[in-house]
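Spelled out, the chains give:
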Amino acid sequence: GAGVSQTPSNKVTEKGKYVELRCDPISGHTALYWYRQSLGQGPEFLIYFQGTGAADDSGLPNDRFFAVRPEGSVSTLKIQRTERGDSAVYLCASSSTGADTGELFFGEGSRLTVL
Amino acid sequence: AQSVTQLDSQVPVFEEAPVELRCNYSSSVSVYLFWYVQYPNQGLQLLLKYLSGSTLVKGINGFEAEFNKSQTSFHLRKPSVHISDTAEYFCAVRTPGAGSYQLTFGKGTKLSVIP
C-alpha cells in the first residue's frame, strides 16, 4: 500500500495478557517510530528504528514493552502482562533516510483497550 | 529537555472566520517546529514546518505559521476556515541533529468549524 499500515485497528484484551501490534511502513522508508497517544494527550515517543536496530528506545515506559524490526521493514510492538494504564492508541510512523526534517508519515493507529 | 504547550484544548470558530491556534515551546537549544493535523479516523499528517530561514512558513490547505524566537511561539493561522478544517491540530518540536528524530508533541487543539 501507499501509506503506513497498522494492524489490528482495535484490540481489546484482559489485564495480564500479551499483545502484539504490527506496523508496515511505507516501502523504502528506513526509519520507523512508535508513539503512544493516551486520551486527551499528544503522541508520546516510544522507540525509533533505523533499519533493523533500535537507535533510540528511551521512550519505552518499562521492560514490559519491547519492539522488533527483524528485516528492516515490518515492526512489531510487544506488550507483556498488560495493565489498564496501557490503554491508548499506538501510532506507527516512518520516514526516509536522512529526513532530518521531521516529516513523519503516520498510520491510523492501533487502539488498545485493556479491561 | 523540551516541551510544547498548546494553550487551547478546543477552539470553535464560524466558517469563513479567521483562526489562530497557539503553540509555545520550551527548549534550551535551537529547534525545528512542526504542525501536524489529524482528521477524524485518519493518521496525523504534516501541515507545515519551520527548520530555518524565513520565520513565516506556509503549509497545505491555506495554513501558515510564524516562528517567534523571543516569544518561543509558533502559532498557526488561517484567514478563512472551512468546514473541512475541522480536525485536531498538534504542535511538535525536535532538536536538530539529536540523532533520533524524536518529536515532542503538545496535547493538541481541537478545531471545530461551525456552519
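Everything here concerns the structure above.
Overview of the interface of chain B and chain A
Contacts between the two partners involve 22 residues from chain B and, on the opposite side, 22 residues from chain A. Between chain B and chain A, the buried area comes to about 1800 Å², and carbon and sulfur atoms account for 52% of it. Connecting chain B to chain A are one salt bridge. In this assembly, chain B and chain A are joined by three residue pairs in polar contact (both at pLDDT 80 or more). When contributions to the side of chain B that touches chain A are tallied by element, the ones reaching two or more residues are β5 (32-38), β6 (45-50) and β10 (87-94) of chain B. It is β5 of chain B that provides the largest number of residues to the side of chain B that touches chain A, a total of four residues. Looking at the side of chain B that touches chain A residue by residue, the classes come out as ten nonpolar, nine polar and three charged.

Let's talk about the state of the cysteines
All names here are of chain B. Following the criterion strictly, the structure yields two disulfides over all chains and no others. Between the sulfur atoms of C23 and its disulfide mate C91 the distance is 2.0 Å. Because the torsion about its S-S bond is -65 degrees, the bridge between C23 and C91 counts as left-handed. Of this pair, C23 sits in the loop between β3 (19-21) and β4 (24-26) while C91 sits in strand β10; the two residues are 68 residues apart in sequence, bridging distant segments of the chain. We classify C91 as buried; its relative accessible area is 0%.

A closer look at the pattern of salt bridges
Taken as a whole, this structure holds eight salt bridges over all chains when the rule is applied. Residues K58 of chain B and E64 of chain B are paired through a salt bridge, measuring 2.8 Å at the closest nitrogen-oxygen approach. Taking the relative accessible area as the measure of exposure, K58 of chain B reaches 63% and is therefore exposed. Where salt bridges share partners, they join R64, E83 and D86 of chain A into one cluster.

Reading guide: rules and limits
Residues numbered from 1 in each chain as written. Chains lettered and ligands numbered in written order. Predicted model: local features only at pLDDT ≥ 70, side-chain atom pairs only at ≥ 80, totals over all residues. Heavy atoms only, no water. Contact = heavy atoms within 4.5 Å. Buried area = accessible area lost by both parts, 1.4 Å probe. Salt bridge = Lys/Arg side-chain N within 4 Å of Asp/Glu carboxyl O. Polar contact = N/O pair within 3.5 Å; in protein donor to acceptor, adjacent residues only side chain to side chain. Helix = DSSP H or I, 4+ residues; strand = E, 2+ residues; numbered from the N terminus. Nonpolar A, V, L, I, M, F, W, Y, C, P; charged D, E, K, R; others polar. Disulfide = S-S within 2.5 Å. Buried < 20%, exposed > 50% of the residue type's maximum accessible area, 1.4 Å probe, protein only.

By themselves, these are just geometric observations and shouldn't be taken as functional.
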